[in-house]
Each structure stands twice: as structure tokens, then as C-alpha cells.
Amino acid sequence: MKTYDTFAQLSGSIQTFTGQDFTVTERANAFYELQPEGVTQQAGDALTSNGRLAKLFVDSVVYADRFGVRSSNADNFTEITAAISRAKTQGCGIVELPVGTLKSSDEILMDVEGLTLRGQGAGSFQDGTNRKKTEIQGTKTTKAVIRIMLESCTLEYMVVGA
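Summarised in this report is the structure supplied together with it. (Residues numbered from 1 in each chain as written. Predicted model: local features only at pLDDT ≥ 70, side-chain atom pairs only at ≥ 80, totals over all residues. Heavy atoms only, no water.)

What follows is about the overall build of the protein chain. Assigned secondary structure in the protein chain consists of one helix and 14 strands. Counting the 162 residues in the protein chain, one finds 39% classified as buried. For the protein chain, contacts bridging at least 24 residues in sequence account for 53% of all contacts bridging at least 6. (Helix = DSSP H or I, 4+ residues; strand = E, 2+ residues; numbered from the N terminus. Buried < 20%, exposed > 50% of the residue type's maximum accessible area, 1.4 Å probe, protein only. Contact = heavy atoms within 4.5 Å.)

This is the structure we're talking about:
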């Protein structure tokens, strides 16, 4: 399997690469498959520099970092909702968020039956040892950070702040 740093590097091999799997470093080493003409783009898929569709491979877990979610982003709302949307269309039950403080400018709606939004941890243990932490913070104080719309939706291993 080939690995590319960016989608721009694919442009030279596009014509003979249809149906082949590859990874892209700029998307957290996500697995993609280059599609033939006419395939519909979904959340998480990417267009190459010459307009060909690279389809993101998704199994039972949608990894939000493959949608561009980063603690260094000023706002992750669009990326997190895209990951949730992809989970909905693929029938996946888990959207996994990366370590760090993730900011969101709007409410993240959990409206997918059985969806779990999973972080990497909630901080330190009582004995003082550190542990990985995922925190979601809202940048607007007038709205909830996450709104759980269905009883079957859950949050795991994270801190939700205001």
C-alpha cells in the first residue's frame, strides 16, 4: 500500500490508480481508495487536485482526526459534525475523538441512534498519575456544547466544558 503526505502528490498516478488503496499522512494516515468517475462524495471523502474522489475507508469506528479534528484548531464544529454524519451514513456506532482540548463554535448534535462519542480519557487519576485527556469546550456561552438527542447516545472518556 502506498503512502502520500498530501492528496496533491496523487495527481501524477491518478489515471492508473483507480481501485487501489493508499494512506494520506495529512489525514492522520487514513485509508482511502481512489474511485472511478461518478461516485458520490460523503463526509470524510476528499477530492484530489484533479477532481478525482478518494473514498475514506470506514469500519465500525469513525476516527474524527481523519476528518481534520485537531486540538490546534480554533474551531472543530464542522469536522466533528462531519464525522458524526459519516457514522450515520455508514451505520457506525462510535466516533472517536483525539487527545486534547477541542473547541466548538456551535452545539454538536448527537442525533444518530446508538452513537457513542468517545474521547481518549478524562484526565488524571486520584493518585496523581496523568492520563490522556479529551475535552470539548464551547466557544459560545449561550448554547450547550453537546446536545444528546436520543437516549441511546452516549459519551465516553472525555470532559465536556462550557
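What follows picks up the thread again.
This part is about empty space enclosed by the protein. Rolled over the atoms, a probe sized like a water molecule indicates the empty space that remains. Tallying each qualifying case throughout the model produces one cavity of 30 Å³ or more. There is about 40 Å³ of room inside the largest cavity. What lines the largest cavity is simply Ser104, Ser105, Asp106, Glu107, Gly138, Thr139, Lys140, Lys143, Ala144 and Val145. A breakdown of the residues in the lining of the largest cavity according to their chemical character gives two nonpolar, four polar and four charged. (1 Å grid on protein atoms, 1.4 Å probe; cavity = no way out; pocket = protein on both sides within 12 Å on 5 of 7 lines; lining within 4 Å. Points joined across faces, edges and corners; volume = space filled by probe spheres on them. Nonpolar A, V, L, I, M, F, W, Y, C, P; charged D, E, K, R; others polar.)

Pairing between the strands of a sheet is mediated by backbone hydrogen bonds and can be parallel or antiparallel. With mixed pairing, five strands are arranged side by side in an open sheet as 1-2-3-5-4. With partners counted over all chains shown, the strands left at the sheet margins are strand 1 (2–4) and strand 4 (46–47), one partner each. (Pairing = 2+ DSSP bridges.)

Side chains Ala30, Tyr32 and Leu34 of strand 3 (residues 30–34) all project onto a buried face; the interleaved residues Phe31 and Glu33 project onto a face where none is buried. Of the pairings in the sheet, the one linking strand 2 (residues 21–24) to strand 3 comprises four bridges and is antiparallel in character. Residue pairing for strand 3: valine 24 is matched across the bridge by alanine 30. As judged from the three bridges shared by strand 3 and strand 5 (residues 53–56), these two strands associate in the antiparallel manner. Bridging across to strand 5, leucine 34 finds its partner in alanine 54.

With respect to the helices and strands, glutamate 107 occurs in the loop between strand 8 (100–104) and strand 9 (108–110). Here the side chain of glutamate 107 touches alanine 144 through a polar contact of 3.4 Å, landing on its backbone nitrogen. Engagement of the side chain of glutamate 107 in a polar contact is seen with the side chain of arginine 147, the distance being 2.5 Å. Look past the residues within four positions of glutamate 107 in its chain and what remains in contact with it is Phe77, Lys143, Ala144, Val145 and Arg147. (Polar contact = N/O pair within 3.5 Å; in protein donor to acceptor, adjacent residues only side chain to side chain.)

A word on the sheet that holds strand 8. Here we have three strands laid out as an open sheet, ordered 8-11-14, and parallel in their pairing. Edge positions in the sheet fall to strand 8 and strand 14 (159–161), since each of these pairs with one other strand and no more. Adjacent strand axes in the sheet meet at a mean angle of 20 degrees, parallel and antiparallel pairs treated alike. The sheet contact formed by strand 11 (residues 134–138) and strand 14 spans three bridges and is parallel. Counted as the bridge partner of isoleucine 136 is valine 160 from strand 14. (Axes fitted to C-alpha atoms, helices over the stretch in contact; angles between N-to-C directions.)

Further remarks concern the nonpolar core. Note on soluble globular proteins: their nonpolar side chains tend to be buried together. Ranked by internal contacts, the top residues of the largest apolar core, which has 33 residues, are Val95 and Ile136. Counting residues per element, this core draws most heavily on helix 1 (residues 77–90), at four residues. (Core = buried A, V, L, I, M, F, W, Y, C linked by side-chain atoms within 4.5 Å.)

With respect to the helices and strands, the residue threonine 78 is situated in helix 1. Given the relative accessible area of 55%, threonine 78 is considered exposed. Considering only alpha carbons, one finds threonine 78 and serine 104, 26 residues apart in sequence, at a separation of 8.4 Å.

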